[in-house]
Amino acid sequence: MNIFRYFRAKLADVLSEMTAAGELPEGLNTDRAGVEPPRDPSHGDITTNAAMVLAKAAGMKPRDLAQLLAARLLAFDEVETAEIAGPGFINMRLADEFWRDRLTEILKAGTAYGDSALGGGAKVNVEYVSANPTGPLHVGHARGAVVGDALASLLEKAGYDVTREYYVNDAGAQVDALAWSAYFRYLRALGAEIDETEFAKLCPGGELQYRGEYLKGVGKALIEEYGDKLADRDEVHGEWTIRSVEDWLPTVRAVAIDRMMDLVRQDLAVLGVEQKVFTSERELVERGGVDEALDLFAERGLSYTGVLDPPKGKKPDDWEPRPQLLFKASEFGDDVDRPLKKSDGSWTYFATDVANHWDKYRRGFSSMINVWGADHGGYVKRMQAAVKAVTAGEGELDVKLCQMVNLMDGGKPVKMSKRAGKFVTLRDVVDEVGKDVVRFIMLTRKNDAHLDFDMQKVTEQSRDNPVFYVQYAHARIRSVMRKAQELFDAGAIAPETLAKANLDDLTDTDELALIRNMASWPRTVESAAEAHEAHRIAYYLYDLASQFHALWNKGNEDASLRFLIPEQNELTIARLAMIQGVAFVIASGLKVFGVTPVEEMR
RNA sequence: GCGCCCGUAGCUCAGUCGGAUAGAGCGCAUGCCUCCGAAGCAUGAGGUCACAGGUUCGAAUCCUGUCGGGCGCGCCA
């Protein structure tokens, strides 16, 4: 139960009562009246701005209206006090009993606490990673993977029907370059003595783009399946020669992409990411998806053949005007119209991506979320414009841009050279620090802020490491529960039993404050889901964990505040119920992150 | 030149639909372990929310402009 939503409903009742009594005018718009936590807890448990927002329309002074509202709100059993403060806030304090009931609710729900019906089962598509299938994933991809995956889980928790999707860019120049690079490995594996720089000259762009060791496997796989059929051997000199492109490239490309996608899937599995739908750009093109989408543009008069102005501020050295098929993106909020066809007549990446989103819409997703690297920022407007155009305004696309991850080791940046094919892979990092640490840390910043990832700091066992601190809280609770088995039967301290326990002994201010914080978990889930911001969960968990640790520490000074008090069974049971509640809420949050709560620290 | 993102404590960052006296960690200062819950804890100092206007009961938050940083800007994805 989202307590703020609960009291917002009560406020609505009060407002309609007042309208019926003639104290408020008919047809008052009450949308802006909300029930929220006060900024300062000393003001109370919940607060409403209703009097201030409605005063003008009601023709009353805010504080006068607040008086009337407060009197009626006070009539509810749960509301202990209702005071007017500042410009017209109504601060309410809720009965201790109400909070203890929330704890009972948590114990009944377990890790399902915080589940919400907010989404109402609406379908949402979250597309993330979507890295080119040209090699293993590196650390940068890890952030997008985790951000997308956690956002998907968060939306599921908030009641949406979520599909996790990966768009495979298996058409276009990049995968052709991959095929060339794989072909080189194939020829080498056949035993051909081909010089790398000589071969590079034959490649498109005169460069052998992918030189990592990981392509050796593709070369071998090609030999296993096709033997030497993809190359010719000069009978006289015994040298291997390259066949014409159309004879080998489609085959090599297909095998290489297949292999690379296996690699990508394995890397994602290591991170605990499992996407359900893999949409192939090539298949989309082959089954006419692009033609369909662009026909739609043509029908609606949203495309035309024209010439773009040269980009300003950039040296137009090799620029020359060329007529292209353009999409009227500027009619949908973009700055200029965008090309759908290249000068050679083939589709641009944008055109196929329009088809991709059109396809998603037809599969029933009017709500779509894409997670991209920040370097794709310039692409957002045109894609949103395209989604609006292709769905006739019914579809909505939110793009989460992930900023760079600065990989560090003991305060020093880890050097990565993409040119030499030496970059730190996702797998390297996961092997080093573990999946849970990577996942949690990737969510400790807003997606659009730079993130420092220090391999040493993230495994440090100290308060400034949020992963440790949150996990430690959970482990401490599990440890107390284990110890409690020396005092009670396992059945007596099982969550189902604790849910029935008498909690009246929970009277300490810090204990009640802890319960209040737990009770704000459903609201945290809902607001984070609405904002599409999973990182808020990390801050909530850190906050809850430190509140728990503070209470634990008080037990050092004052033995009467400890969780296990010998000879005082009822009090101890109540406190066990409380910390079990904390463990559930932490586990519930970690589940959203795909992080396993630990039983003990090692 | 244009567009997008960002600018909050010495440092790294939170900040809920616009809400009251702007928060956390690190660092700093002070106090606290012969044992019973210290892989530490408690308390405190520290701010022109980049700057200047505007919107209103109320602005770190919304709008306009300026300054500073990052990213992007036809035939790459």
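Procedures and definitions
Residues numbered from 1 in each chain as written. Chains lettered and ligands numbered in written order. Predicted model: local features only at pLDDT ≥ 70, side-chain atom pairs only at ≥ 80, totals over all residues. Heavy atoms only, no water. Helix = DSSP H or I, 4+ residues; strand = E, 2+ residues; numbered from the N terminus. Buried < 20%, exposed > 50% of the residue type's maximum accessible area, 1.4 Å probe, protein only. Contact = heavy atoms within 4.5 Å. Areas by Shrake-Rupley, 256 points an atom, 1.4 Å probe, with all protein chains shown as cover. Lys, Arg positive; Asp, Glu negative; His and termini not counted. Charge placed at Lys NZ, Arg CZ, Asp CG, Glu CD. Pairing = 2+ DSSP bridges. Patch = residues over 30% accessible without salt bridge, like charges linked within 9 Å, V, L, I, M, F, W, Y side chains within 5 Å. Salt bridge = Lys/Arg side-chain N within 4 Å of Asp/Glu carboxyl O. 1 Å grid on protein atoms, 1.4 Å probe; cavity = no way out; pocket = protein on both sides within 12 Å on 5 of 7 lines; lining within 4 Å. Points joined across faces, edges and corners; volume = space filled by probe spheres on them. Nonpolar A, V, L, I, M, F, W, Y, C, P; charged D, E, K, R; others polar. Arc of directions from axis to C-beta. Near = heavy atom within 4 Å. Polar contact = N/O pair within 3.5 Å; in protein donor to acceptor, adjacent residues only side chain to side chain. Domains from an automatic or database assignment.

Participant: Explain the overall build of chain A to me, and be specific about the residues and the numbers.
Facilitator: Regarding its fold elements, chain A presents 21 helices and 17 strands. Once the C-alpha set of chain A is aligned to its principal axes, its extents read approximately 100 × 65 × 40 Å. A total of 602 residues make up chain A; the buried ones form 50% of that total. In chain A, the share of contacts with a sequence separation of at least 24, taken over all contacts with a separation of at least 6, comes to 73%. Roughly 28,700 Å² of accessible area belongs to chain A as shown, and the carbon and sulfur atoms make up 47% of that amount. Charge separation in chain A, taken as the distance between the mean sites of 73 positive and 94 negative side-chain charges, equals 3 Å.

Participant: Please give an account of the pairing of strand β15 (residues 405-409) that cites residues and values.
Facilitator: Sheet analysis places β15 next to strand β17 (residues 451-454), joined by four bridges and oriented parallel. Bridge pairing in β17 links valine 405 to leucine 451. In this sheet, strand β16 (residues 412-413) lies alongside β15 in antiparallel orientation, the contact comprising two bridges. Each bridged residue has a counterpart across the sheet, and for aspartate 409 the counterpart in β16 is lysine 412. The hairpin turn running from β15 into β16, its antiparallel successor, is two residues long, and glycine 410 in that turn takes a positive phi close to 60°.

Participant: Go over a negative patch on the surface, please, and point to the residues and values.
Facilitator: Taken together, the side chains of Asp409, Asp428, Asp431 and Glu432 make up a negatively charged region of the molecular surface. Ranked by residue count, the leading element in the negative patch is helix α14 (residues 426-433), at three residues. Note on placement: aspartate 428 falls in helix α14.

Participant: Explain the environment of arginine 427 to me, and be specific about the residues and the numbers.
Facilitator: With respect to the helices, strands and loops of the structure, arginine 427 is situated in helix α14. Sequence-distant contacts of arginine 427, defined by excluding residues within four places in its chain, comprise Gln266, Asp267 and Val270.

Participant: Explain empty space enclosed by the protein to me, using residue names and the numbers behind them.
Facilitator: Applying the stated rule across the entire model yields two cavities of 30 Å³ or more. Taken as a whole, the largest cavity encloses approximately 80 Å³ of empty space. What lines the largest cavity is Val147, Leu151, Lys400, Met442, Leu443, Arg445, Lys446, Asn447, His532, Glu533, Ala534 and His535. Partitioned by chemical class, the residues of the lining of the largest cavity number five nonpolar, three polar and four charged. Each pocket or cavity is described by its volume, and for the second largest cavity that value is around 50 Å³. Surrounding the second largest cavity, Phe7, Leu11, Val35, Ile46, Thr48, Leu73, Phe76, Val79 and Met92 form its lining.

Participant: Give a detailed account of helix α11 (residues 289-299), specifying residues and quantitative values.
Facilitator: When we look at burial in α11, the residues that qualify are Gly289, Val290, Ala293, Leu294, Leu296 and Phe297. Down the axis, α11 shows its buried residues gathered within 145° of arc, on one side only. Among the structural elements, α10 (281-286), β10 (303-307), β11 (323-327), α12 (349-362) and α13 (380-390) are those in contact with the buried residues of α11. Phi turns positive, to about 70°, at glycine 301, one or two residues after α11.

Participant: Can you break down the protein's contact with RNA strand B residue by residue, with the values?
Facilitator: Around RNA strand B, 59 residues are found, and the nearest of them are Asn91, Arg523, Trp552, Asn556 and Arg562. Considering RNA strand B, the proportion of its atoms within 4 Å of the protein that are sugar or phosphate atoms stands at 56%. For RNA strand B, a phosphate oxygen lies 3.5 Å from a polar atom in the side chain of lysine 342. With respect to RNA strand B, the side chain of glutamine 461 contributes an N or O atom lying 2.6 Å from a base nitrogen. Considering each element in turn, the surface near RNA strand B owes the most residues, eight residues, to helix α20 (residues 535-557). Considering only residue class, the surface near RNA strand B consists of 20 nonpolar, 19 polar and 20 charged.

Participant: I'd like a description of the pattern of salt bridges, backed by residues and values.
Facilitator: One pass over the full model with this rule turns up 33 salt bridges. Where lysine 216 meets glutamate 213, a salt bridge forms, and the shortest distance between an N and an O atom there is 3.1 Å. Note on glutamate 213: relative accessible area 55%, which makes it exposed. Among the ionic pairs, glutamate 599 bridges to arginine 478, the shortest N-O distance being 3.0 Å. You can see glutamate 599 sitting in the segment after α21 (569-593) and its partner arginine 478 sitting in helix α16 (residues 466-484), a full 121 residues away along the chain. A relative accessible area of 40% places glutamate 599 in the partly exposed class. The network of salt bridges with common partners includes Glu165, Arg287, Glu292, Asp359, Arg362 and Arg363.

Participant: Describe the domain arrangement of chain A, naming the residues involved and giving the relevant values.
Facilitator: One can read the domain layout of chain A as domain 1 (3-94), domain 2 (173-268) and domain 3 (461-593). The gap between the C-alpha centroids of domain 1 and domain 2 is 71 Å.

Participant: Could you give me a rundown of the layout of surface pockets, with the residues and numbers involved?
Facilitator: For the second largest pocket, the calculated volume is near 770 Å³. Forming the boundary of the second largest pocket are 22 residues, of which Pro37, Pro38, Arg516, Asn517 and Ser520 lie nearest the centre. Within the residue set of the lining of the second largest pocket, elements represented by two or more residues are α1 (3-20), α18 (509-519), α19 (521-531) and α20. The dominant element in the lining of the second largest pocket, judged by the number of residues it contributes, is α20, at five residues. Of the residues that constitute the lining of the second largest pocket, the class distribution is nine nonpolar, six polar and seven charged.

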